[in-house]
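A closer look at the structure
Here's the letter readout for the chains.
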Amino acid sequence: MLQVKLIVTGDDFGYCPRRNQGIVDCFLAGAISNVSLLVNGSAAADAAKLARSVTTGLKEGTHLLQTTEKFQQRLIHHQTTNLLIATAREKQNRNSRYSIPIGLHANLSEGSPVCEVLKTNSSLLNQDGFFHGKMGFRTALSRGLLNMSEVKQELKAQVELFHELTGHLPPHMDGHQHVHVLPEVRHVFAEVLEEYGIKYTRVPVEPGLHNCDWIPPSLMDFYLGVEEDSFNTVDVFTKHGIRWPDIYIGLSTMGKNMSVSSIWSAINSAIMEVTSRAPSPAHPALQSRTVTIELMVHPGYPSVPPVGGCGEGPDDFSQSWERLHELQTLIKPELQSHYKSRNIQLCSFKDL
C-alpha cells in the first residue's frame, strides 16, 4: 500500500507572540507537525523556548494545565468544536513533555539582519536600514546590487543564532518569501546548507498550480516566477546533496483559499502526480513506496501593532484575519479524519 508522509509546516514562528501561540495551539491539536523559525523575528527567543517544551506534564508542574486551559478558551472564543477541546484535554492527561520539530526560515527580505556587521552600510539594506522587502529584494538582485558574500554572511549568522536559541542546528532550512531559490542566492544557500550539514530544504513547485483560477493574476505571476526559479534550483541543490520532499503544497491553499476541501484536493493532486510517474498502479515499487509531501501553512492569531515583525513592526499579512482562518481550518476534525482514512502520517523532516 502506498504510504504518504505529510509534513505540515507552520512558517514564521517567532514573528510575534500571537503568531507563536497560534502555531503552538495548532501543534497541540495535532494540526501541524513542524515549524520554521524566523530568527530575526521579535519573538524568536520565546518561540525557541516554546519549541523545546511547549508544555509540561502535571507531575512536573502546572504549565500544561494553564496552557491547555488557555487553548480551550481560545477555541471556545472562536466557536470551534467540543471535539478539539476534548483532544486538548486528552493531551493534558498524558503527563508528558511536547517538543515541536523546528527548522530555520532564513530571512533576507523582511526586517533587519542578525549579523552585526551588516546592520549598517550593507547591500542587503534599503535607505531606511531594513531588508529590501519581498519584491525589493528581487529588484535589487536583478540589478546586480546585492553582494553575495554578504548574503552568505547573513545566512551563516542566522544558522548560528538558530543554534544559539535552540541548542541544535536546523534539520531543515528554507527561505522566507522563497528567496532561497532565486538566481545567485540559490548557490550561496546551498553552500551554507552543505557547510553546516543541513540535509533538507523546500522546493516550492506545486502540482496543479496552473489550474488554480481562483488565484488573482498578479499573485499567480509571482507564484509562477517562484516555480520557474525552483525548477532552475533543482540541479544546484542536488549537486550539494540537499534533499526535499517529493511534493510541495501551499501556494494554492494559502489564507482565504484554505479549506478542508482545497487541502484535500491539493493532496490528491500531489499523490496522482507521483503515482502517474510509476509504470503502473500495480507495480511492486509503487506498492511499497513512501511519498513525502510538505504542506506550507501560516496559522496564528493576527498580530496587533506595534507588537511583532522582524524589526519594522508587523506587516499586513500577519495582521490579516486569514491567519486565524488558517488556524481554524487546520484544526477541523474532518481534515484529520481525511488523513487517517487515507493512511497519511503527519511527521517532521527529522522523520524522513
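Residues numbered from 1 in each chain as written. Predicted model: local features only at pLDDT ≥ 70, side-chain atom pairs only at ≥ 80, totals over all residues. Heavy atoms only, no water.

1. Focus on the packing of aromatic side chains
Under the definition given, this model contains 4 aromatic pairs. Between the aromatic rings of Phe189 and Phe237, the centroid separation amounts to 5.9 Å while the plane-to-plane angle is 40°, which identifies the pairing as tilted. Of this pair, Phe189 sits in helix H7 (residues 185-196) while Phe237 sits in helix H8 (residues 217-239), and the two are 48 residues apart along the sequence. Taking 6.3 Å as the distance between ring centres and 55° as the angle between the ring planes, the aromatic pair formed by Phe222 and Tyr223 counts as tilted. Side by side, Phe222 and Tyr223 carry an identical accessibility label, which is buried. An aromatic cluster is defined as three or more aromatic residues linked by ring pairs; in this entry it consists of Phe189, Phe237 and Trp244. The ring of Tyr15 has Arg19 lying over it, and the distance from NZ or CZ to the ring centre is 5.6 Å. Sitting over the ring of Phe222, Lys134 keeps its end group 4.4 Å from the ring centre. (Phe/Tyr/Trp six-rings, centres within 6.5 Å; stacked < 30°, edge-to-face > 60°. Helix = DSSP H or I, 4+ residues; strand = E, 2+ residues; numbered from the N terminus. Buried < 20%, exposed > 50% of the residue type's maximum accessible area, 1.4 Å probe, protein only. Lys NZ or Arg CZ within 6 Å of the ring centre and 35° of its normal.)

2. Observations concerning the pairing of strand S6 (residues 290-297)
Counted residue by residue, S6 has 7 buried out of 8 residues, so it is predominantly covered. One ladder, built from 8 bridges, connects strand S1 (residues 3-13) with S6; its direction is parallel. Note that in S6 the partner of Gln3 across the bridge is Thr290. Where strand S5 (residues 247-249) and S6 come together, 3 bridges link them in parallel fashion. Bridge assignment links Ile247 to a residue of S6, and that residue is Ile293. (Pairing = 2+ DSSP bridges.)

3. Notes on empty space enclosed by the protein
For the coordinates displayed, the defined rule picks out 1 cavity of 30 Å³ or more. What lines the largest cavity is simply Arg202, Val203, Trp244, Pro245, Ile247, Tyr248 and Glu294. When grouped by side-chain class, the residues that make up the lining of the largest cavity number 5 nonpolar, no polar and 2 charged. (1 Å grid on protein atoms, 1.4 Å probe; cavity = no way out; pocket = protein on both sides within 12 Å on 5 of 7 lines; lining within 4 Å. Points joined across faces, edges and corners; volume = space filled by probe spheres on them. Nonpolar A, V, L, I, M, F, W, Y, C, P; charged D, E, K, R; others polar.)

4. Side note on unusual backbone geometry
Trans is the prevailing form of peptide bonds, just as negative phi is the prevailing case for residues other than glycine. In this chain, Pro305 is followed by Pro306 through a cis amide linkage whose omega measures 5°. Along the chain, Pro306 falls in the loop between S6 and helix H11 (316-319). Even without a glycine there, the phi angle at His178 is positive, about 60°. Among the structural elements, His178 can be located in the loop between strand S4 (173-175) and H7. Since its relative accessible area comes to 7%, His178 is described here as buried.

5. As for the nonpolar core
The biggest cluster of nonpolar side chains holds 80 residues, and the ones touching the most others in it are Met173, Ile267, Ile293 and Tyr339. Here the element with the most residues in this core is helix H9 (residues 260-275); it accounts for 8 residues. Among residues more than four places away in sequence, those in contact with Ile293 are Val4, Lys5, Leu6, Ile7, Pro245, Ile247, Ile249, Ile267, Ala270 and Ile271. Ile215, Met220, Phe222 and Met254 belong to the second largest nonpolar core, which has 11 residues in total. (Core = buried A, V, L, I, M, F, W, Y, C linked by side-chain atoms within 4.5 Å. Contact = heavy atoms within 4.5 Å.)

6. Thoughts on the side chain of Thr292
With respect to the secondary-structure elements, Thr292 resides in strand S6. Setting aside residues no more than four positions away along its own chain, Thr292 makes contact with Lys5, Pro245, Asp246, Ile247 and Leu352.

The analysis is restricted to geometry; functional conclusions fall outside its scope.
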